[in-house]
Amino acid sequence: MPIAMWSGPRNISTAMMRSWGARADTVVCDEPLYAHYLWKTGLDHPGAAEVIGAGETDPAKVAEILTTPRPPAAIFYQKHMAHHLLPRMDTSWVDRLTSGFLIREPREMLTSLIDVIPSPEIEETGLPRQLELFEREADRLGRTPPVIDSRDVLENPRGVLAKLCAALSVPFDEAMLSWEPGPRETDGVWAKHWYASVEKSTGFGPYRRKDADVPPRLSGVLAECERLYERLARHKLTAEG
């Protein structure tokens with residue numbers, strides 16, 4: 001069963017990949033479209049040349065990998081950045097995956113993102129593409145696909161992950177709540193630039209509010225992020241609901 005978790009940057013997406021990777025019935029992959037994204041956009045991300053050199057830049061070949069079963073694993077968990085699906089890219093293959101959506105409160109996301117990308121465009125937050133994918137998936141299924149918020153996961157990992165698993169029609173596994181520290185062979189080559197804290201982790205850490213202001217130059221981006229976020233957040237799964 002291929003599960004695609006569509007996220008944006010500066011979320012808990014790597015910790016979620018660790019969580020699913022701790023299951024004995026699951027194999028994971030890490031941002032499989034990142035090489036194509038950097039190759040096509042020319043963006044100056046840390047280690048960009050290495051990412052492009054180590055990855056697959058042909059999206060059709062990536063799609064074939066992502067839609068091919070991975071026996072003997074029952075679950076093929078895919079960590080995606082939604083904005084890696086560039087405009088005009090063929091996305092028909094996404095319909096062959098079971099999709100979920102991971103979101104984060106925009107103010108906290110942006111104040112973290114600007115540490116890496118000082119003046120992000122709205123597309124670089126992933127939110128426009130997340131909402132587009134969400135609405136398309138809802139139309140295709142005739143029901144709401146699962147949405148989870150990173151804060152809710154950190155405040156109640158067992159409760160939210162149990163709801164997520166139920167929505168994805170897979171059994172919840174207690175192994176998802178903890179993992180061994182250190183790197184993984186399945187991590188992207190960009191891990192050395194981004195995964196230091198995750199490599200030290202052994203589970204989901206407590207939620208800590210990020211008290212910082214979004215710079216005035218990004219007030220328009222923040223407003224649009226909040227609009228998109230609210231349209232997704234109204235559908236989010238919670239431990240109580």
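Residues numbered from 1 in each chain as written. Predicted model: local features only at pLDDT ≥ 70, side-chain atom pairs only at ≥ 80, totals over all residues. Heavy atoms only, no water.

S.K.: Tell me about helix α1 (residues 13-21), and please be specific about residues and values.
M.R.: Owing to its 3.6 residues per turn, the α-helix brings residues three or four apart onto one side. Of all the nine residues making up α1, eight are buried; the element is thus mostly covered by neighbouring parts of the structure. Those residues of α1 not exposed but buried are Ser-13, Thr-14, Ala-15, Met-16, Met-17, Arg-18, Ser-19 and Trp-20. (Buried < 20%, exposed > 50% of the residue type's maximum accessible area, 1.4 Å probe, protein only. Helix = DSSP H or I, 4+ residues; strand = E, 2+ residues; numbered from the N terminus.)

S.K.: Describe the packing of helix α5 (residues 106-113) against helix α11 (residues 219-233), listing the residues and the values that go with them.
M.R.: Between α5 and α11, whose axes approach to 9 Å, the crossing angle comes to 135°. In this view, α5 runs oblique relative to α11, as classed from their interaxial angle. Crossing of α5 against α11: the hand is right-handed. Contact with α5, carried on its side by Pro-106, Arg-107, Met-109 and Leu-110, involves Val-221, Leu-222, Cys-225, Glu-226 and Tyr-229 of α11 and no other residues of that element. By residue class, the composition of the contact of α5 with α11 is seven nonpolar, no polar and two charged. (Axes fitted to C-alpha atoms, helices over the stretch in contact; angles between N-to-C directions. Parallel < 35°, antiparallel > 145°, perpendicular 65-115°, else oblique. Left-handed = near helix turned anticlockwise from the far one by under 90°. Contact = heavy atoms within 4.5 Å. Nonpolar A, V, L, I, M, F, W, Y, C, P; charged D, E, K, R; others polar.)

S.K.: Go over the pattern of salt bridges with me, naming the residues and quoting the values.
M.R.: In this structure the tally under the stated criterion is 17 salt bridges. Among the ionic pairs, Asp-25 bridges to Arg-23, the shortest N-O distance being 2.9 Å. Among the residues examined, Asp-25 registers a relative accessible area of 24% and is labelled partly exposed. Here Glu-50 and Lys-192 are joined by a salt bridge, their closest N and O atoms 2.9 Å apart. A residue pair is termed long-range when its members are at least 10 positions apart, and Glu-50 in helix α3 (residues 48-54) and Lys-192 in helix α9 (residues 191-194) qualify at 142 residues. Exposure remark for Glu-50: the relative accessible area of 36% places this residue in the partly exposed category. The exposure class assigned to Lys-192 is exposed, which follows from its relative accessible area of 57%. Here the salt bridges share partners, and the residues they tie into one network are Asp-95, Arg-136, Glu-137 and Arg-140. (Salt bridge = Lys/Arg side-chain N within 4 Å of Asp/Glu carboxyl O.)

S.K.: How would you sum up empty space enclosed by the protein? Please name residues and give values.
M.R.: This structure, assessed with the given rule, holds two cavities of 30 Å³ or more. Empty space within the largest cavity amounts to approximately 60 Å³. Along the walls of the largest cavity sit Gly-8, Pro-9, Asn-11, Leu-102, Ile-103, Arg-104, Met-109, Thr-125, Leu-127 and Gln-130, which together make up its complete lining. Those elements that place two or more of their residues in the lining of the largest cavity are β4 (98-103) and α6 (127-141). Its residues assigned to classes, the lining of the largest cavity comprises five nonpolar, four polar and one charged. One number sums up the size of the second largest cavity: a volume of about 30 Å³. Along the walls of the second largest cavity sit Trp-6, Val-94, Asp-95, Ser-99, Phe-101, Leu-133, Arg-136 and Glu-137, which together make up its complete lining. (1 Å grid on protein atoms, 1.4 Å probe; cavity = no way out; pocket = protein on both sides within 12 Å on 5 of 7 lines; lining within 4 Å. Points joined across faces, edges and corners; volume = space filled by probe spheres on them.)

S.K.: Quick one: what's the story with the nonpolar core, residue by residue and with numbers?
M.R.: One finds Trp-6, Leu-85, Trp-93, Leu-110, Leu-133 and Cys-225 to be the most contacted residues of the largest nonpolar core, which totals 46 residues. Elements supplying a minimum of two residues to this core: β1 (2-7), α2 (34-41), α3, α4 (59-66), β4, α5, α6 and α11. In terms of residue count, the dominant contributor to this core is α11 (seven residues). Residue contacts for Trp-6: discarding those within four places in its chain leaves His-80, Ala-82, Leu-85, Trp-93, Val-94, Ser-99, Gly-100, Phe-101, Leu-102, Gln-130 and Leu-133. If you look at the next biggest cluster of nonpolar residues, it comprises 25 residues, including Ile-12, Ile-75, Val-153 and Leu-177. (Core = buried A, V, L, I, M, F, W, Y, C linked by side-chain atoms within 4.5 Å.)

S.K.: Run through the confidence of the model for the protein, naming residues and quoting values.
M.R.: As a note on interpretation, predicted positions should not be read in detail where pLDDT is low. Of all residues in the protein, 100% attain a pLDDT of 70 or more, and the chain-wide mean is 94. Across the protein, strand β5 (residues 147-149) holds the top mean pLDDT of 98, while α9 sits lowest at 88. (pLDDT = per-residue confidence, 0-100.)

S.K.: Tell me about unusual backbone geometry, residues and numbers included.
M.R.: Trans peptide bonds make up most of the peptide bonds, and negative phi angles are found at most residues other than glycine. Pro-72 follows Pro-71 through a cis peptide bond whose omega is 5°. Mapping Pro-72 onto the fold places it in the loop between α4 and β3 (75-81). With a phi angle near 45°, Glu-31 is a residue other than glycine that sits in the positive phi range. Structurally, Glu-31 can be placed in the loop between β2 (26-30) and α2. What makes Glu-31 buried here is its relative accessible area of 10%. The residue Arg-88 is not glycine, and still its phi comes out positive at about 70°. By the secondary structure assignment, Arg-88 is in the loop between β3 and β4.

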